[in-house]
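One-letter residues, chain by chain:
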Amino acid sequence: MTDTIANASPLSGNVLFYGKPEPLSVEAHGALGVNPVEQPYAFAANTNIVPLTVTEFAPAALSYPVIFVGEARQPVAVMGLRQGENLFIDEAGAFRAEAYIPAYVRRYPFVFANDDVQKRLILCVDRDAPFIKEGGATPLFVEGKPSPYVEQAMEFCNNFEQERLRTEAFVKLLADLDLLETRESVFTPRNPDGSAAAPQKIAEYFAVSEDKLKALPAEKLAELRDNGALGQIYAHLVSLLGWDRLIAIAFQKAATAQPIAGNA
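Residues numbered from 1 in each chain as written. Predicted model: local features only at pLDDT ≥ 70, side-chain atom pairs only at ≥ 80, totals over all residues. Heavy atoms only, no water.

Trainee: What exactly am I supposed to notice about the overall build of the protein here?
Mentor: Counting secondary structure elements, the protein contains eight helices and 13 strands. When the 264 residues of the protein are sorted by exposure, 42% land in the buried category. Contacts in the protein between residues far apart in sequence, at least 24 positions, make up 72% of those at least 6 positions apart. About 14400 Å² of surface is accessible on the protein, with carbon and sulfur atoms providing 52% of the total. (Helix = DSSP H or I, 4+ residues; strand = E, 2+ residues; numbered from the N terminus. Buried < 20%, exposed > 50% of the residue type's maximum accessible area, 1.4 Å probe, protein only. Contact = heavy atoms within 4.5 Å. Areas by Shrake-Rupley, 256 points an atom, 1.4 Å probe, with all protein chains shown as cover.)

Trainee: For this particular structure, what's the right way to read the sheet that holds strand β9 (residues 138-139)?
Mentor: On the basis of which strands lie adjacent, the open sheet formed by three strands has the order β8-β2-β9 and antiparallel pairing. Because the sheet does not close on itself, it has two edges, and the strands there are β8 (132-134) and β9. Relative to β8, strand β2 (residues 32-34) is paired through three bridges, and the arrangement is antiparallel. Looking at β8, one finds that Gly33 is bridged to Lys133. (Pairing = 2+ DSSP bridges.)

Trainee: Explanation requested: the packing of helix α4 (residues 148-176) against helix α7 (residues 229-239) in the structure shown.
Mentor: To describe two helices that pack against each other, one gives the angle between their axes and the distance between the axes. It is at 12 Å that the axes of α4 and α7 come closest, and there the two elements cross at 85°. Here α4 lies roughly perpendicular to α7, going by the angle between them. On α7, the residues touching Phe170, Leu173 and Leu174 of α4 are Ala229, Gln232 and Ile233. Residues belonging to the contact of α4 with α7 are distributed by class as follows: five nonpolar, one polar and no charged. (Axes fitted to C-alpha atoms, helices over the stretch in contact; angles between N-to-C directions. Parallel < 35°, antiparallel > 145°, perpendicular 65-115°, else oblique. Nonpolar A, V, L, I, M, F, W, Y, C, P; charged D, E, K, R; others polar.)

Trainee: Help me understand the pattern of salt bridges, please; the structure alone is not making it clear to me.
Mentor: Following the criterion strictly, the structure yields 14 salt bridges and no others. The partner of Arg166 in a salt bridge is Glu163, with the nearest N and O atoms 2.6 Å apart. One end of the pair, Arg166, and the other, Glu163, are both in helix α4, three residues apart, so they sit about a helical turn from each other. For Glu223, the salt bridge identified is with Lys220, shortest N-O distance 3.3 Å. Of this pair, Glu223 and Lys220 both sit in helix α6 (residues 218-226), three residues apart, which is roughly one turn of the helix. A single network of salt bridges, built from pairs that share partners, joins Glu161, Arg164 and Glu168. (Salt bridge = Lys/Arg side-chain N within 4 Å of Asp/Glu carboxyl O.)

Trainee: How do you make sense of the packing of aromatic side chains when you look at a structure like this?
Mentor: Think of a pair of aromatic rings as described by two things: how far the centres are apart, and how the planes are tilted against each other in angle. Taken as a whole, this structure holds 13 aromatic pairs when the rule is applied. Note on Tyr108 and Phe131: the rings are 6.1 Å apart at their centroids and 80° apart in plane angle, and the pair reads as edge-to-face. Of this pair, Tyr108 sits in the loop between α3 (103-106) and β6 (110-115) while Phe131 sits in the loop between β7 (120-126) and β8; the two residues are 23 residues apart in sequence, bridging distant segments of the chain. Each member of the pair, Tyr108 as well as Phe131, carries the same accessibility label: buried. Sitting over the ring of Phe206, Arg73 keeps its end group 3.7 Å from the ring centre. (Phe/Tyr/Trp six-rings, centres within 6.5 Å; stacked < 30°, edge-to-face > 60°. Lys NZ or Arg CZ within 6 Å of the ring centre and 35° of its normal.)

Trainee: How should the packing of α6 against α7 be read in this particular structure?
Mentor: At a minimum axis distance of 4 Å, the contact between α6 and α7 shows a crossing angle of 85°. Taken together, the axes of α6 and α7 are roughly perpendicular relative to one another. Of α7, the residues touching α6 (which contributes Leu221, Leu224 and Arg225) are Ala229, Leu230 and Ile233. A breakdown of the residues in the contact of α6 with α7 according to their chemical character gives five nonpolar, no polar and one charged.

Trainee: I tried to follow the state of the cysteines on my own but got confused; where do I start?
Mentor: Covalently bonding the sulfur atom of one cysteine to the sulfur atom of another cysteine gives a disulfide. Under the criterion given, the structure shown has zero disulfides. Here Cys124 stays unpaired: no disulfide links it, and the sulfur of Cys157, its closest cysteine neighbor, is 9.4 Å away. Judged by relative accessible area, which is 3%, Cys157 ranks as buried. (Disulfide = S-S within 2.5 Å.)

Trainee: It is not clear to me how the sheet that holds β6 should be interpreted in this structure. Could you clarify?
Mentor: Backbone hydrogen bonds are what pair the strands of a sheet, in a parallel or an antiparallel way. One open sheet holds the three strands; their spatial order is β1-β7-β6, and the pairing between them is antiparallel. In this open sheet, the two strands that pair with only one neighbour each are β1 (21-23) and β6. For this sheet, the mean angle separating the axes of adjacent strands, direction not counted, is 45°. Sheet topology places β1 next to β7; three bridges connect them, and they run antiparallel. Residue pairing across strands places Glu22 opposite Val125, the latter belonging to β7. Where α4 meets the sheet, its contacts fall on β6 and β7, and the angle it forms with β6 comes to roughly 65°.

This is the structure:
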């Protein structure tokens, strides 16, 4: 549990989950389709953090700690205590039934890319997605035009892009008000005799400082309340209680992986 969340951030360089994103076109992808998937979220099983948009803070807070990582202070949902481990996706490639599934995961295998020449966004598809196949059951194109499946994906990605921009504005607001501080998540294990062992640092990350929040002028707090930011901040703060839940899930998983004494 010694890997820090900050070091586990996958948000610089390539795009998380996408192995081979290609601009979607009828010429390159006209014969492709989507097949039913036995392990729908297996692609997310090897990451312990997933990006969130600000409007997802409240539903995500019921399942995960919501923290900020990296130089960009990217908000993410913490789904595991170690790199390469997602405690909310089982061996069948499915999310835990009660867990919120972030939009970043739900939009896969589609993603927008910037066309710097024409100053526009281009819909891309991850050609490495295992369920994208030649002659797949649900086609990407019908009679040379995007299928209803692709049209729906386009709308979802458009909405996601709007939420992404809103999230950037929210993070800038937190930075301008100097509300973020470095915080640690620490776990204190127990010795066999029940006494407390040496504390272990699980993660280091950025979070809103409650002291700095309380110190804001009344008119600034009212402004945050009226523009909806205050509710998102409180959802983030409440979510930090989820570290204990995450630790409990990790121990439960470790216990079930151990062979029962006498049956090994």
